[in-house]
Amino acid sequence: MDPQLVDHIENAVSETETLTSERGRNQLREFFRSPGAVLGLLTLFVIIIVAVLAPHIAPQNPYDLSQLDILDSRLPPGSESFAGVPYVLGTDAQGRDIFSGILYGLRASLMVGVLSAFAAAIIGTSAGLTAAYIGGRVESLMMRIVDLQLSFPTILMALMMLAVLGKGLVNVILALIIAEWAVYARTVRATALVEREKEYIEAARCLRLPGWRILFRHLLPNCLAPVIVISTMQVARAISLEATLSFLGLGASVTEPSLGMLISNGYQYLLSGLYWISFYPGIALLVTIVAINLVGDRLRDVLNPRNV
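Reference entry: report on the structure contained in this document. Worth saying up front: this structure is predicted, and the values here are computed from it rather than measured.

1. A look at the nonpolar core
Side chains of a nonpolar character, in soluble globular proteins, are inclined to be buried together.
Then comes step 1: Ranked by size, the top nonpolar core spans 51 residues in total, and within it I102 and L129 carry the most contacts.
Then comes step 2: Among the secondary structure elements, those contributing two or more residues to this core are α2 (35-52), α4 (98-134), α5 (136-150), α7 (169-196), α9 (211-219), α10 (224-247), α11 (259-266) and α12 (276-302).
Then comes step 3: Counting residues per element, this core draws most heavily on α4, which supplies 11 residues.
Then comes step 4: If near-sequence neighbours (up to four positions away) are discounted, L129 is found in contact with V188, A192, L215, L219, L220 and C223.
Then comes step 5: Membership of the second largest hydrophobic core comes to 17 residues, among which are M161, I177, A238 and A252.

2. With respect to the pattern of salt bridges
Then comes step 1: Enumeration according to the criterion identifies 8 salt bridges in this entry.
Then comes step 2: Ionic pairing is found between D147 and R186, a salt bridge with its closest N-O pair at 2.2 Å. Note that D147 is positioned in helix α5 and R186 in helix α7, a separation of 39 residues in sequence.
Then comes step 3: Residue R186 is classed as partly exposed on the basis of its relative accessible area of 40%.
Then comes step 4: Between R237 and E180 there is a salt bridge, with the nearest N and O atoms lying 3.2 Å from each other. Placement of the pair is R237 in helix α10 and E180 in helix α7, with a sequence separation of 57 residues.
Then comes step 5: A relative accessible area of 7% means that E180 is categorised as buried.
Then comes step 6: Here the salt bridges share partners, and the residues they tie into one network are E30, R33 and R298.

About the cut-offs
- Residues numbered from 1 in each chain as written.
- Predicted model: local features only at pLDDT ≥ 70, side-chain atom pairs only at ≥ 80, totals over all residues.
- Heavy atoms only, no water.
- Core = buried A, V, L, I, M, F, W, Y, C linked by side-chain atoms within 4.5 Å.
- Buried < 20%, exposed > 50% of the residue type's maximum accessible area, 1.4 Å probe, protein only.
- Helix = DSSP H or I, 4+ residues; strand = E, 2+ residues; numbered from the N terminus.
- Contact = heavy atoms within 4.5 Å.
- Salt bridge = Lys/Arg side-chain N within 4 Å of Asp/Glu carboxyl O.

In structure tokens, the structure reads:
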């Protein structure tokens, strides 16, 4: 190949990467122009910090039986235990501090949401990129599997998986990964099909670069925008699904607190005036999901290629 042509192609690829980096900086600045997105990001940051530091912030470990006293059960918000320990948000029927339960529950719910979304993104993105790049029968087979997967409602798929795997946060994460990876695969495949026909991919092929390098060094970075948006939304979706499963008694076990289980523990007392047992965990769940959705909505607007 002509050395001048090679230099021209390399310069074209380098210029494309520079433009992509500059576009990323512009999108970041655009993101912070939205007060709602900034509020959601700050709220989410605070939630993550208190969840990570829960063992150091929480007045008690709500699932350590040695710290519980049945005499402190169903105390209203602002009460004190017989030992003089204040319960800001009250206690449940087992004497657990609601505030401490929320902090520990946030850890479990965020762990389920982030790990399931991250793992599903890796599997789905790899499948979508492979299908789009290889094409042919491989693409057809993989997309039919994706279509079959998406034909089942997510909650139904998760329920079937948990019926096989059993209860527990690890099994909930596995069930959500199996139920959600196809969403990433379809989206990434559609984006990769468009990017595959662009000049920078042709330039990379003219340089006889290995297929894996074209796939992960050039094609993948330009398909990440929809993956980031979907991942943000899927974290919130996974948290709400885990809460639903735990509320139904199929999610977290009693030794693995989550917001869904905290809500489930108190819903039968709502008509008895003991609203705080379910109300405050429900508010924490609502605030978490709204914060994530505010960030996700803004990312969808900023990363929309039609707005570039």
